[in-house]
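Fold and geometry: a report
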Amino acid sequence: MENETRIARQNAINFILNFVIVILCIVTVICGCAAMYELVYDYSWTYDEDNFYYRIEDNDFYATVGMYHQNVAEGVNANGSMKEYYGVAKYFEAASLYRAFLETGDTARAEKQKAKMEEALPEMGGWHFLEDEIKEQLGLDQ
(Lines give C-alpha, C1' and ligand atoms only; values in the text may rest on other atoms or scores of the structure.)
Protein backbone atom coordinates (compact mmCIF):
# COMPACT_ATOMS: atom_id res chain seq x y z
CA MET A 1 0.00 0.00 0.00
CA GLU A 2 2.80 2.31 0.87
CA ASN A 3 4.37 1.58 -2.50
CA GLU A 4 1.15 2.52 -4.33
CA THR A 5 0.94 5.80 -2.43
CA ARG A 6 4.51 6.64 -3.33
CA ILE A 7 3.88 5.82 -7.02
CA ALA A 8 0.72 7.97 -7.02
CA ARG A 9 2.64 10.84 -5.45
CA GLN A 10 5.45 10.49 -8.03
CA ASN A 11 2.90 10.48 -10.85
CA ALA A 12 1.32 13.65 -9.45
CA ILE A 13 4.74 15.34 -9.18
CA ASN A 14 5.64 14.24 -12.74
CA PHE A 15 2.35 15.63 -14.04
CA ILE A 16 2.90 18.98 -12.29
CA LEU A 17 6.50 19.22 -13.50
CA ASN A 18 5.53 18.35 -17.08
CA PHE A 19 2.80 20.99 -16.94
CA VAL A 20 5.32 23.60 -15.71
CA ILE A 21 7.75 22.62 -18.48
CA VAL A 22 5.04 23.05 -21.14
CA ILE A 23 4.04 26.45 -19.74
CA LEU A 24 7.69 27.58 -19.67
CA CYS A 25 8.17 26.44 -23.28
CA ILE A 26 5.13 28.42 -24.37
CA VAL A 27 6.40 31.51 -22.52
CA THR A 28 9.83 31.10 -24.15
CA VAL A 29 8.32 30.90 -27.64
CA ILE A 30 6.18 33.98 -27.00
CA CYS A 31 9.19 35.93 -25.70
CA GLY A 32 11.23 34.85 -28.73
CA CYS A 33 8.49 36.01 -31.10
CA ALA A 34 8.27 39.35 -29.29
CA ALA A 35 12.04 39.81 -29.53
CA MET A 36 12.02 39.04 -33.25
CA TYR A 37 9.22 41.54 -33.75
CA GLU A 38 11.27 44.22 -32.00
CA LEU A 39 14.36 43.43 -34.05
CA VAL A 40 12.61 43.37 -37.39
CA TYR A 41 10.14 46.23 -37.10
CA ASP A 42 11.84 48.65 -34.75
CA TYR A 43 15.26 48.53 -36.33
CA SER A 44 15.82 51.60 -38.49
CA TRP A 45 16.62 50.69 -42.09
CA THR A 46 17.94 54.05 -43.22
CA TYR A 47 21.06 55.16 -45.01
CA ASP A 48 23.45 57.89 -43.96
CA GLU A 49 25.82 60.13 -45.90
CA ASP A 50 28.61 57.56 -45.89
CA ASN A 51 26.39 54.98 -47.58
CA PHE A 52 25.55 57.42 -50.36
CA TYR A 53 29.16 58.57 -50.69
CA TYR A 54 30.52 55.06 -51.18
CA ARG A 55 27.84 54.18 -53.74
CA ILE A 56 28.61 57.34 -55.72
CA GLU A 57 32.35 56.69 -55.51
CA ASP A 58 31.71 53.23 -56.99
CA ASN A 59 29.48 54.77 -59.70
CA ASP A 60 26.62 52.65 -58.38
CA PHE A 61 24.02 55.32 -59.04
CA TYR A 62 21.23 52.79 -59.30
CA ALA A 63 21.68 51.87 -55.63
CA THR A 64 21.39 55.53 -54.61
CA VAL A 65 17.89 55.65 -56.08
CA GLY A 66 16.70 52.80 -53.85
CA MET A 67 18.48 54.28 -50.85
CA TYR A 68 16.86 57.66 -51.50
CA HIS A 69 13.36 56.17 -51.67
CA GLN A 70 14.02 54.10 -48.52
CA ASN A 71 15.08 57.20 -46.60
CA VAL A 72 12.06 59.16 -47.83
CA ALA A 73 9.77 56.32 -46.77
CA GLU A 74 11.43 56.26 -43.33
CA GLY A 75 11.05 60.04 -43.01
CA VAL A 76 14.75 60.85 -42.78
CA ASN A 77 15.28 64.60 -42.62
CA ALA A 78 18.03 65.53 -45.06
CA ASN A 79 20.67 68.07 -44.14
CA GLY A 80 22.70 70.04 -46.69
CA SER A 81 25.02 67.33 -47.95
CA MET A 82 22.35 64.63 -47.78
CA LYS A 83 20.18 66.79 -50.05
CA GLU A 84 22.99 66.73 -52.60
CA TYR A 85 23.06 62.95 -52.49
CA TYR A 86 19.30 62.93 -52.92
CA GLY A 87 19.78 65.23 -55.91
CA VAL A 88 22.15 62.71 -57.50
CA ALA A 89 19.62 59.92 -56.93
CA LYS A 90 16.77 62.00 -58.38
CA TYR A 91 18.88 62.95 -61.39
CA PHE A 92 19.88 59.36 -62.09
CA GLU A 93 16.32 58.12 -61.72
CA ALA A 94 14.98 60.78 -64.07
CA ALA A 95 17.80 60.12 -66.57
CA SER A 96 17.11 56.37 -66.49
CA LEU A 97 13.42 56.91 -67.12
CA TYR A 98 14.21 59.48 -69.80
CA ARG A 99 16.30 56.91 -71.67
CA ALA A 100 13.64 54.22 -71.24
CA PHE A 101 10.90 56.47 -72.61
CA LEU A 102 13.09 57.53 -75.53
CA GLU A 103 13.72 53.91 -76.43
CA THR A 104 10.02 53.08 -76.35
CA GLY A 105 9.15 56.17 -78.39
CA ASP A 106 7.10 57.85 -75.66
CA THR A 107 8.37 61.38 -76.25
CA ALA A 108 5.78 63.08 -74.03
CA ARG A 109 6.84 61.16 -70.94
CA ALA A 110 10.49 61.45 -71.96
CA GLU A 111 10.18 65.24 -71.95
CA LYS A 112 8.70 65.15 -68.43
CA GLN A 113 11.71 63.15 -67.26
CA LYS A 114 14.06 65.56 -69.03
CA ALA A 115 12.44 68.39 -67.06
CA LYS A 116 12.94 66.39 -63.83
CA MET A 117 16.59 65.94 -64.75
CA GLU A 118 16.97 69.69 -65.11
CA GLU A 119 15.20 70.25 -61.77
CA ALA A 120 17.48 67.76 -60.01
CA LEU A 121 20.70 69.18 -61.45
CA PRO A 122 20.88 72.18 -59.06
CA GLU A 123 20.00 69.88 -56.14
CA MET A 124 23.16 67.89 -56.84
CA GLY A 125 25.23 70.81 -55.55
CA GLY A 126 28.89 69.84 -55.49
CA TRP A 127 28.16 66.60 -57.30
CA HIS A 128 26.97 68.35 -60.50
CA PHE A 129 30.05 67.07 -62.33
CA LEU A 130 28.48 63.59 -62.19
CA GLU A 131 26.00 64.66 -64.86
CA ASP A 132 28.41 63.61 -67.61
CA GLU A 133 29.23 60.30 -65.91
CA ILE A 134 25.56 59.47 -65.48
CA LYS A 135 24.80 60.31 -69.09
CA GLU A 136 27.76 58.22 -70.22
CA GLN A 137 26.72 55.30 -68.04
CA LEU A 138 23.19 55.40 -69.44
CA GLY A 139 24.32 55.95 -73.02
CA LEU A 140 22.65 59.35 -73.38
CA ASP A 141 24.02 61.86 -75.88
CA GLN A 142 25.95 64.70 -74.35
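That block above? That's the structure.
Everything quoted here is computed from the prediction, not taken from an experiment. Within each chain, residue numbers correspond to sequence positions counted from 1 in written order. Side-chain atom pairs in this predicted model are given and counted only at pLDDT of 80 or more, local residue features only at pLDDT of at least 70, and totals for whole chains, interfaces and linings cover all residues. As a rule here, side-chain values come from all non-hydrogen atoms in the structure, and water together with hydrogens is ignored.

**Thoughts on unusual backbone geometry**
The phi torsion at N59 lies on the positive side, around 60°, for a residue other than glycine. With a relative accessible area of 33%, N59 lands in the partly exposed category. Type-normalised accessible area, obtained with a 1.4 Å probe on protein chains alone, sets the label of each residue: buried when under 20%, exposed when over 50%, and partly exposed for intermediate values.

**Let's talk about the pattern of salt bridges**
The term salt bridge refers to a pairing of a side-chain nitrogen on Lys or Arg with a carboxyl oxygen on Asp or Glu at a separation within 4 Å. Applying the stated rule across the entire model yields four salt bridges. Of the charged contacts, one joins E103 and R99 as a salt bridge, the two residues approaching to 3.0 Å between their closest N and O atoms. In this pair, E103 and R99 both sit in helix α4 (residues 80-104), four residues apart, roughly one turn of the helix. On the basis of relative accessibility, which here comes to 56%, the residue E103 falls in the exposed class. Secondary structure elements follow DSSP: runs of H or I of four or more residues count as helices, runs of E of two or more count as strands, with numbering from the N terminus.

**Structural notes on the nonpolar core**
Across soluble globular proteins, nonpolar side chains show a tendency to be buried alongside one another. We define the nonpolar core as a collection of buried residues of types Ala, Val, Leu, Ile, Met, Phe, Trp, Tyr and Cys that are connected through side-chain atoms lying within 4.5 Å of one another. Ranked by size, the top nonpolar core spans 27 residues in total, and within it V88, L130 and I134 carry the most contacts. Within the residue set of this core, elements represented by two or more residues are α2 (49-57), α3 (61-74), α4, α5 (107-123) and α6 (130-138). Counting residues per element, this core draws most heavily on α4, at eleven residues. The contact rule is simple, with two residues in contact once any of their heavy atoms fall within 4.5 Å. Not counting chain neighbours up to four residues away, the residues in contact with V88 comprise I56, F61, M124, W127, L130 and I134.

**Here we look at the layout of surface pockets**
Of the grid points, spaced at 1 Å and generated over the protein atoms alone, those admitting a 1.4 Å probe that cannot get out make up cavities, while open sets with protein on both sides within 12 Å along at least five of seven lines make up pockets; any residue with an atom within 4 Å of a point is treated as lining. Grid points are joined across faces, edges and corners, and a volume is the space filled by probe spheres set on the points. In this model, the largest pocket occupies a volume close to 160 Å³. Taken together, K90, E93, A94, L97, Q113, K116, E119, A120 and E123 make up the full set of residues lining the largest pocket. Counting residues per element, the ones that place at least two in the lining of the largest pocket are α4 and α5. For the lining of the largest pocket, the leading source of residues is α5, giving five residues. Amino acids are sorted into nonpolar (Ala, Val, Leu, Ile, Met, Phe, Trp, Tyr, Cys and Pro), charged (Asp, Glu, Lys and Arg) and polar (every other residue, Gly among them). For the lining of the largest pocket, the residue count by class is three nonpolar, one polar and five charged.

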